[in-house]
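Notes for the structure review
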Amino acid sequence: DAKTTQPTSMDCAEGRAANLPCNHSTISGNEYVYWYRQIHSQGPQYIIHGLKNNETNEMASLIITEDRKSSTLILPHATLRDTAVYYCIVRVEGDNDMRFGAGTRLTVKP
Amino acid sequence: KAGVTQTPRYLIKTRGQQVTLSCSPISGHRSVSWYQQTPGQGLQFLFEYFSETQRNKGNFPGRFSGRQFSNSRSEMNVSTLELGDSALYLCASSAGTRALAEQYFGPGTRLTVT
């Protein structure tokens, strides 16, 4: 069973920041927060991951609360190509038994 | 660097038959994981292979099996197919070490069982 909860769907205007929340209140101390996205008919794509510090890469930023019970994925300037289902997962680093939930369907609108 | 490749991309089989799916990981990656994705159940972990050994296994019946070859290529086999096995089967590869944990997914094989 997935250990995360996410909103079912969200909309975002093109060019604006998309903020996708995720709750993981039962996260363990050695579990990381990972984000993937899946564009229709393609395999999931890795976005970013973190343990407790905020992280940023060329795709997105990840903000993790101090108690680590929730996090937010930020796409700073959403484009139409960012329309996808976004999955938040918690896992021990290196553990490939990933339990995906239903994810958030993000629709970026012009 | 080439990505993860899966063959075939689409497959139609009849109930009771068996099927073999293939996955070639990214060059240098030693871990291959398999997932089943269906509209109702989402993405579910099947098993992971690392250096030709099954390292982890999800909650699927014994009809689902896999193996990994010395070149890290992996195959997944489903015997006695059932209608409920219709799904997108995804393969993901990673370096396999805890320091490099990102998994890279292939495009998947869409299996339809009639």
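Our subject is the structure that appears above.
Note that the structure is a prediction, hence the values are computed from the model and not measured.

So, the interface of chain A and chain B
Between chain A and chain B, the contact holds 19 residues from the first and 21 residues from the second. Between chain A and chain B the total buried area reaches about 1600 Å² when both faces are included, carbon and sulfur atoms providing 46% of it. One can count zero salt bridges joining chain A with chain B. Between the two partners, chain A and chain B, sit three residue pairs in polar contact (both at pLDDT 80 or more).

Notes on the sheet that holds strand β8 (residues 84-92) of chain A
Residue and element names in this part refer to chain A. Pairing within the open sheet is mixed, and its five strands lie in the order β1-β9-β8-β3-β4. Strands with a single pairing partner mark the edges of an open sheet, and in this sheet they are β1 (9-13) and β4 (45-50). Neighbour-to-neighbour, the strand axes of this sheet turn through a mean angle of 25 degrees, independent of strand direction. Of the pairings in the sheet, the one linking strand β3 (residues 31-38) to β4 comprises five bridges and is antiparallel in character. Paired with Arg-37 across the strands is Gln-45, a residue of β4.

Focus: the layout of surface pockets
In this structure, the largest pocket spans a volume of roughly 620 Å³. Gln38(A), Val85(A), Tyr87(A), Arg105(A) and Gln37(B) are, among the 27 residues lining the largest pocket, the residues nearest its centre. Going through the elements one at a time, β8 and β9 (104-109) of chain A together with β4 (31-38) of chain B are the ones with two or more residues in the lining of the largest pocket. Residues that form the lining of the largest pocket fall into these classes: eight nonpolar, 17 polar and two charged.

Points about the pairing of strand β7 (residues 70-75) of chain A
Residues and elements named next belong to chain A. The alternating pattern of β7 places Ser-71, Leu-73 and Leu-75 on a buried face and Ser-70, Thr-72 and Ile-74 on a face that is not buried. Where strand β2 (residues 18-23) meets β7, six bridges bridge the pair, whose relative direction is antiparallel. Residue pairing for β7: Asn-23 is matched across the bridge by Ser-70. In this sheet, β7 lies alongside strand β6 (residues 61-64) in antiparallel orientation, the contact comprising four bridges. Looking at β7, one finds that Ile-63 is bridged to Thr-72. What sits between β6 and β7 in their antiparallel hairpin is a turn of five residues, with Arg-68 showing a positive phi close to 65 degrees.

Observations regarding unusual backbone geometry
All names here are of chain B. With an omega dihedral of -10 degrees, the bond running from Thr-7 to Pro-8 counts as a cis peptide bond. With respect to the element layout, Pro-8 can be found in the loop between β1 (5-7) and β2 (10-13). Although it is not a glycine, Ser-51 sits at a positive phi angle of roughly 50 degrees. With respect to the helices, strands and loops of the structure, Ser-51 is situated in the loop between β5 (42-50) and β6 (53-57). The phi dihedral of Glu-52 is positive, around 70 degrees, even though this residue is not glycine. Within the secondary structure, Glu-52 sits in the loop between β5 and β6.

Looking at the state of the cysteines
Overall, the coordinates contain two disulfides over all chains when judged by the stated rule. Note that Cys22(A) is cross-linked by a disulfide to Cys88(A), the S-S spacing being 2.1 Å. Handedness of the Cys22(A)-Cys88(A) disulfide follows from its S-S torsion of about -80 degrees: it is left-handed. Of this pair, Cys22(A) sits in strand β2 while Cys88(A) sits in strand β8, placing them 66 residues apart in sequence. Sulfur-sulfur distance for the disulfide between Cys23(B) and Cys91(B) comes to 1.7 Å. Here the S-S torsion is close to -45 degrees, and the disulfide linking Cys23(B) with Cys91(B) is therefore left-handed. Taken together, the residues span a long stretch of sequence, with Cys23(B) in strand β3 (residues 19-24) and Cys91(B) in strand β9 (residues 87-94) at a distance of 68 residues. The pair formed by Cys23(B) and Cys91(B) is uniform in burial state, with each residue classed as buried. Free cysteine Cys12(A): the closest other cysteine sulfur is in Cys22(A), separated by 18 Å.

Cut-offs applied
- Residues numbered from 1 in each chain as written.
- Chains lettered and ligands numbered in written order.
- Predicted model: local features only at pLDDT ≥ 70, side-chain atom pairs only at ≥ 80, totals over all residues.
- Heavy atoms only, no water.
- Contact = heavy atoms within 4.5 Å.
- Buried area = accessible area lost by both parts, 1.4 Å probe.
- Salt bridge = Lys/Arg side-chain N within 4 Å of Asp/Glu carboxyl O.
- Polar contact = N/O pair within 3.5 Å; in protein donor to acceptor, adjacent residues only side chain to side chain.
- Pairing = 2+ DSSP bridges.
- Helix = DSSP H or I, 4+ residues; strand = E, 2+ residues; numbered from the N terminus.
- Axes fitted to C-alpha atoms, helices over the stretch in contact; angles between N-to-C directions.
- 1 Å grid on protein atoms, 1.4 Å probe; cavity = no way out; pocket = protein on both sides within 12 Å on 5 of 7 lines; lining within 4 Å.
- Points joined across faces, edges and corners; volume = space filled by probe spheres on them.
- Nonpolar A, V, L, I, M, F, W, Y, C, P; charged D, E, K, R; others polar.
- Buried < 20%, exposed > 50% of the residue type's maximum accessible area, 1.4 Å probe, protein only.
- Disulfide = S-S within 2.5 Å.

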